[in-house]
Amino acid sequence: GNMVEWCLPQDIDLEGVEFKSMASGSHKIQSDFIYFRKGLCFGLACFANMPVESELERGARMKSVGILSPSYTLLYRYMHFLENQVRHQLEMPGHYSHLEAFYDDKKGVLPDSKGTSSSQQPVHWLPSIHRYMYPEMKITHPAGCMSQFIKFFGEQILVLWKFALLRKRILIFSPPPVGVVCYRVYCCCCLANVSLPGLGGTVPESKPFFYVNVADIEMLETEVSYVACTTEKIFEQKRDLYDVYVDNQNVKTHHEHLQPLLKINSADKEKYRRLNDQRQMLMYSQEVGEDCSSCEEDLFILFFMEQNNRIFQTLMEVSASQDKTLTADHARGMGLDPQGDRSFLMDLLEVYGIDVMLVIDNPCCT
């Protein structure tokens, strides 16, 4: 099994981190990176696999070198260092001087593990709805991460958007490498941003768990909302742990009342067309040779934030009105399909505790 070979500080609780920092099935690949969560901290580890002529190591030496931080936003800066260090550890096992120097240099940036970190609020990837967290959502990723996400899921991102906004437990399955799947988790989380004040005080907090494995089952049993990814197929059978299961481009749910949300409707198609039109315009407007990946990330995040703001602004205005009646025209004004999005709207009102009366009943009258 996996084991923690070395760590600083030595008194930190790292139970289970040896399985979080090395994905199941990694023995089949040469290298990977992995985001994960440990308690209130976020982790990034780089994995590498090197063939060796050693019977004791069964022909292969595999290691991960990782760091933990109260915020995931700083982790990407050290990806290159971790990649170099894991290669160094494979070639010269037991030489930790570079890691010790790194820790001594960086430890002042983080809260002391002996107390202040427990009072430090973690930065959540999928923020509480009433806080405008967009600036803290930034994460550096390979150029074109958002483009790949859109190309990979296509119109299905509108299905994921609805589940993310409803704070469902979303589990993404993929065989290794898992790094690119962690980025899919990130993109999925970007779908649910809202910047309106005064929303959702009782909404369940949605927690990012990045990579999870069977060692996390007990913890996941207590969660009401999260987004995570795994390389372990066994999770598919454990239906009580998730609401939505994503296997490659296949998004599915075993909850009957959520089944209507899997269907792409005309409003979804229109949103997807608008998103692609905006991306095309951005690409045309870029100067030749200029890197526009960060601009595309902004466009993607702001596209869905604007959509979410419009929905909640309308819902709050209707709930503050005298008759509190939400009509088909309201639904269309929010960019929703009055019929196709009816069950989505009903779930949204329930999850966010918004008091309005839905009068979108008769399909022939809309």
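Check the entry above for the structure.
Description of the structure in this document. (Residues numbered from 1 in each chain as written. Predicted model: local features only at pLDDT ≥ 70, side-chain atom pairs only at ≥ 80, totals over all residues. Heavy atoms only, no water.)

1. Describing the layout of surface pockets
- In this structure, the second largest pocket encloses a volume near 230 Å³.
- Around the second largest pocket sit E15, G16, K20, R37, K38, G39, K207, F209, A215, D216, M219 and E223, which together line it.
- Elements with a contribution of two residues or more to the lining of the second largest pocket: β1 (31-38) and β5 (207-211).
- The residue inventory of the lining of the second largest pocket, partitioned by class, reads three nonpolar, two polar and seven charged.
- Here the lining of the second largest pocket spans two domains, since at least three of its residues come from each of domain 1 (17-102) and domain 2 (137-313). (1 Å grid on protein atoms, 1.4 Å probe; cavity = no way out; pocket = protein on both sides within 12 Å on 5 of 7 lines; lining within 4 Å. Points joined across faces, edges and corners; volume = space filled by probe spheres on them. Helix = DSSP H or I, 4+ residues; strand = E, 2+ residues; numbered from the N terminus. Nonpolar A, V, L, I, M, F, W, Y, C, P; charged D, E, K, R; others polar. Domains from an automatic or database assignment.)

2. Topic: the packing of aromatic side chains
- Evaluated as defined, the whole model comprises 19 aromatic pairs.
- Ring plane angle 80° and centroid distance 5.9 Å describe the contact between F149 and F300, whose orientation is recorded as edge-to-face. Here the residue F149 occupies a position in helix α5 (residues 145-153), and F300 occupies one in helix α10 (residues 293-320), the gap between them amounting to 151 residues. By the burial criterion, F149 is buried, and F300 matches it.
- Between the aromatic rings of F152 and F153, the centroid separation amounts to 5.0 Å while the plane-to-plane angle is 90°, which identifies the pairing as edge-to-face.
- Looking at F153, the relative accessible area reads 4%, which means it is buried.
- Within the aromatic cluster, the residues linked to one another by ring pairs are F149, F152, F153, W161, F300, F303, F304 and F344.
- The ring of F209 is capped by R37, whose NZ or CZ atom sits 5.4 Å from the centre of that ring. (Phe/Tyr/Trp six-rings, centres within 6.5 Å; stacked < 30°, edge-to-face > 60°. Buried < 20%, exposed > 50% of the residue type's maximum accessible area, 1.4 Å probe, protein only. Lys NZ or Arg CZ within 6 Å of the ring centre and 35° of its normal.)

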